[in-house]
Amino acid sequence: MKPIKRYEIEYAVICNVGKVRRNNEDNFYCDGVIRENVNSNDEKVLSGTVYSDTNELFAVFDGMGGEACGEVASFVAASHAALFAQDRAQYEEYLYELSEMLNEKVREETEARSLVLMGTTAAMVQFSGEDIYVLNAGDSRIYRLTKHELKQLSVDHIALDYGGKAITKFLGYPGDDKLRPYIAMGQYKAGDIYLLCSDGVTDMLGDEDIRSIIDNKRPLTESCRALVDAALENGGVDNTTAILLRVKK
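### Comments concerning the overall build of the protein chain
Inference 1: Within the protein chain, the regular secondary structure consists of 5 helices and 14 strands.
Inference 2: For a compact globule of 249 residues, the expected C-alpha radius of gyration is about 18 Å, and the protein chain comes in at 17 Å, within 12% of that figure.
Inference 3: Principal axes of the C-alpha set define a box for the protein chain whose edges measure 50 × 40 × 30 Å.
Inference 4: Each of the 249 residues in the protein chain was classed as buried or not, and the buried ones make up 53%.
Inference 5: Taking as baseline every contact in the protein chain between residues at least 6 positions apart, the subset at least 24 positions apart corresponds to 74%.
Inference 6: In the structure as shown, the protein chain presents an accessible area of about 11500 Å², 47% of it carried by carbon and sulfur atoms.
Inference 7: Here the protein chain carries 28 positive and 41 negative side-chain charges, and the mean point of each set is 6 Å from the other.

If you want it as structure tokens, here you go:
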């Protein structure tokens with residue numbers, strides 16, 4: 001049995017309320033950290049390095065439901081993802097199991113608050129050995145940049161609704177039906193850059209804008225800052241969360 005290669009996963013995270021919203025309904029999970037204080041709109045910035053052989057999890061959650069419900073839903077998902085990830089070493093591939101658990105936790109919180117509906121999108125990436133798993137529900141996206149080519153790995157779960165968009169799959173999905181998120185598996189390699197982001201980024205920036213910002217050799221924190229700043233400069237009408245990951249030998 002050949003040994004599993006070990007790669008560094010460099011990360012940079014920025015979670016910003018945007019220029020229009022009064023509250024931040026986004027949350028994330030990265031290297032044991034989430035946005036703990038949902039009543040604060042202070043920008044959350046994070047950077048560091050983890051390793052590919054530790055079943056590492058990264059996730060972006062964009063809450064929905066209006067008033068205070070969105071930030072509650074995304075916080076429930078992020079906090080339970082953090083609890084689950086504490087034992088990630090015992091799992092090889094766990095994203096589907098995790099999404100089912102988070103879906104149920106958000107539904108339980110919805111019922112506990114006597115609400116009709118509360119939910120959050122999810123975009124999650126797991127490095128497991130030499131494989132990478134991606135899962136998404138909603139319109140938070142996952143991209144991969146490799147050899148100057150940007151590819152969306154996630155699938156948008158949206159429908160047009162009176163000139164706007166309605167999210168068709170999300171954590172907290174009501175009824176007895178299974179959530180059925182999009183999930184896929186592949187291999188990563190040194191030099192790959194992955195982006196997980198809420199629609200506060202992708203509604204303000206096109207794919208070519210994103211590619212031109214992150215396709216460079218500058219520090220990952222600078223690329224993440226440039227990405228969020230560009231979304232804010234283009235309107236910043238929604239909360240803006242971005243996680244950039246760079247695979248290094």
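Now that the structure has been shown, the text picks up again.
### A closer look at the nonpolar core
Inference 1: The biggest cluster of nonpolar side chains holds 27 residues, and the ones touching the most others in it are L57, F61, M124 and L171.
Inference 2: If you list the elements that add at least two residues to this core, you get β4 (57-64), α1 (69-85), α2 (95-112), β6 (122-128) and β7 (131-137).
Inference 3: In this structure L57 touches Y29, C30, D31, A81, A85, Y94, L95, L98, M124 and V125, once residues within four positions along its chain are discounted.
Inference 4: One finds F28, A123, V134 and L153 within the second-largest nonpolar core, a separate group that totals 24 residues.

### A short note on the packing of aromatic side chains
Inference 1: Scanning the entire structure with this criterion turns up 7 aromatic pairs.
Inference 2: Both rings, one in F127 and one in Y194, keep their centres 6.0 Å apart while their planes meet at 85°; by these two values the pair is edge-to-face. In this pair, F127 is assigned in strand β6 and Y194 in strand β13 (residues 193-197), connecting sequence segments 67 residues apart.
Inference 3: Note on F127: relative accessible area 0%, which makes it buried.
Inference 4: Residue Y194 is classed as buried on the basis of its relative accessible area of 1%.
Inference 5: Through pairs of rings, three or more aromatic residues link up here, namely Y7, Y11, F58, F127, Y188 and Y194.

### Let's talk about the packing of helix α4 (residues 207-214) against helix α5 (residues 220-233)
Inference 1: With their axes 9 Å apart at the nearest point, α4 and α5 run at an angle of 150° to one another. As far as their axial angle goes, α5 and α4 are roughly antiparallel. Here α4 runs over α5; the crossing is right-handed. Contacts between α4 and α5 involve I210, I213 and I214 from the former and S223, A226, L227 and A230 from the latter.

### Structural notes on α2
Every α-helical turn comprises 3.6 residues, leaving residues that sit three or four positions apart pointing alike.
Inference 1: Between its first and last C-alpha, α2 extends 25 Å over 18 residues, near the 26 Å set by a 1.5 Å rise per residue.
Inference 2: Restricting attention to buried positions, one finds in α2 the residues L95, L98, S99, L102, N103, V106, R107 and T110. On an axial view of α2, the arc spanned by its buried residues comes to 170°, and they lie on one face. The exposed set on the far side of α2, more than 90 degrees from its buried face, consists of E111 and A112.
Inference 3: Taken together, the buried residues of α2 touch β4, α1, β5 (119-120), β6, β7 and β12 (182-187).

Quick notes on the rules
- Residues numbered from 1 in each chain as written.
- Predicted model: local features only at pLDDT ≥ 70, side-chain atom pairs only at ≥ 80, totals over all residues.
- Heavy atoms only, no water.
- Helix = DSSP H or I, 4+ residues; strand = E, 2+ residues; numbered from the N terminus.
- Rg over C-alpha atoms; globule rule 2.2 N^0.38 Å.
- Buried < 20%, exposed > 50% of the residue type's maximum accessible area, 1.4 Å probe, protein only.
- Contact = heavy atoms within 4.5 Å.
- Areas by Shrake-Rupley, 256 points an atom, 1.4 Å probe, with all protein chains shown as cover.
- Lys, Arg positive; Asp, Glu negative; His and termini not counted.
- Charge placed at Lys NZ, Arg CZ, Asp CG, Glu CD.
- Core = buried A, V, L, I, M, F, W, Y, C linked by side-chain atoms within 4.5 Å.
- Phe/Tyr/Trp six-rings, centres within 6.5 Å; stacked < 30°, edge-to-face > 60°.
- Axes fitted to C-alpha atoms, helices over the stretch in contact; angles between N-to-C directions.
- Parallel < 35°, antiparallel > 145°, perpendicular 65-115°, else oblique.
- Left-handed = near helix turned anticlockwise from the far one by under 90°.
- Expected span 1.5 Å × (residues − 1).
- Arc of directions from axis to C-beta.

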